[in-house]
Amino acid sequence: MPEDIFDVVNERDEVIDAKPRSVVHARGLLHRAVHVFVFNSRGEIFLQKRSMKKDRQPGVWDSSCSGHVDSGEIYDETAVRELGEELGLRVKATPEKLFKVDPCEETDAEFVWVYRCHSEGPFQLHPDEIETGDWFAPEIVSRWIVEKPGNFAPAFILIWKLFRSRTDANTLG
């Protein structure tokens, strides 16, 4: 299988080059990703446990879906693509765009756009991407992060805390 090609970006998130995934990660080059939070009608968030086959942060809990922006792709396209690839969720419109996170250690040198959408499931989890997944009340997720942060991907912890700080408890879902 050919290796994914990512756009390399500068500190203003402008494309300056394109490199294979392995080179981008090995050199810590700035690149792009998305995270999508999927909520149900009860206000619960669907979290995925990353497959042990993943080369980055295998076996930890993460956003409902997440993924790299491929070379030539835009954030919104990636959010729609990742929902389909990872969860089997086909959406008619781009999910709600919430906020952008600048590259840092937690995001692994990624600019990250965070999105939100609603679905009741059930999902068709991609086995190479996701070991399992489940619905959780937001307060359970927040408490779990405090008690066992090692159970989660570092980017998810950062994004979840930013999400909670920006979102009124009554409008989480």
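Residues numbered from 1 in each chain as written. Predicted model: local features only at pLDDT ≥ 70, side-chain atom pairs only at ≥ 80, totals over all residues. Heavy atoms only, no water.

K.L.:
Looking at this structure, how should I read the packing of aromatic side chains?
P.N.:
To describe a pair of aromatic rings, one takes the distance between the centres and the angle between the planes. Counting across every chain of the model gives 14 aromatic pairs. Pairing Phe37 with Phe156 gives two aromatic rings, centres 6.0 Å apart and planes at 70 degrees, and the pair type is edge-to-face. With Phe37 in strand 3 (residues 31-39) and Phe156 in helix 4 (residues 154-166), this pair connects stretches of sequence that are 119 residues apart. On the numbers, 5.3 Å between centres and 55 degrees between planes, the contact of Phe136 with Trp144 is tilted. Feature note: the residues Phe37, Phe39, Trp61, Phe136, Trp144, Phe152, Phe156, Trp160 and Phe163 constitute an aromatic cluster, connected by ring pairs. (Phe/Tyr/Trp six-rings, centres within 6.5 Å; stacked < 30°, edge-to-face > 60°. Helix = DSSP H or I, 4+ residues; strand = E, 2+ residues; numbered from the N terminus.)

K.L.:
So what exactly am I meant to see when it comes to the pairing of strand 4 (residues 45-50) here?
P.N.:
Burial analysis of strand 4 places 5 of its 6 residues in the buried class, which makes it a mostly covered element. As paired elements, strand 3 and strand 4 share 2 bridges and run antiparallel to each other. Counted as the bridge partner of Phe39 is Ile45 from strand 4. Hairpin geometry of strand 3 and strand 4 is characterised by an intervening segment of 5 residues between the two adjacent antiparallel strands and by a positive phi of about 85 degrees at Gly43. (Buried < 20%, exposed > 50% of the residue type's maximum accessible area, 1.4 Å probe, protein only. Pairing = 2+ DSSP bridges.)

K.L.:
I tried to follow helix 2 (residues 75-87) on my own but got confused; where do I start?
P.N.:
Count 3.6 residues to each turn of an α-helix, and residues three or four apart come out pointing the same way. Its 13 residues give helix 2 an end-to-end C-alpha distance of 18 Å, which sits within 8% of 18 Å, the value for a rise of 1.5 Å per residue. Looking at helix 2, one finds that the buried residues are Tyr75, Thr78, Ala79, Glu82, Leu83, Gly84, Glu86 and Leu87. In this fold, the buried residues of helix 2 make contact with strand 3, strand 4, strand 6 (65-68), strand 7 (96-101), strand 8 (110-118) and strand 9 (130-136). Within two residues after helix 2, Gly88 carries a phi angle of roughly 70 degrees, on the positive side. (Expected span 1.5 Å × (residues − 1). Contact = heavy atoms within 4.5 Å.)

K.L.:
What is the right way to read helix 3 (residues 138-147) from this model?
P.N.:
All buried positions along helix 3 are accounted for by Pro138, Val141, Trp144 and Ile145. Projection of helix 3 onto a plane perpendicular to its axis shows the buried side chains occupying an angular sector of 125 degrees, all on one side. Turned more than 90 degrees away from the buried face of helix 3 sit Val146 and Glu147, all of them exposed. Looking at the buried side of helix 3, the elements it contacts are strand 3, strand 4, strand 5 (61-62), strand 9 and helix 4. (Arc of directions from axis to C-beta.)

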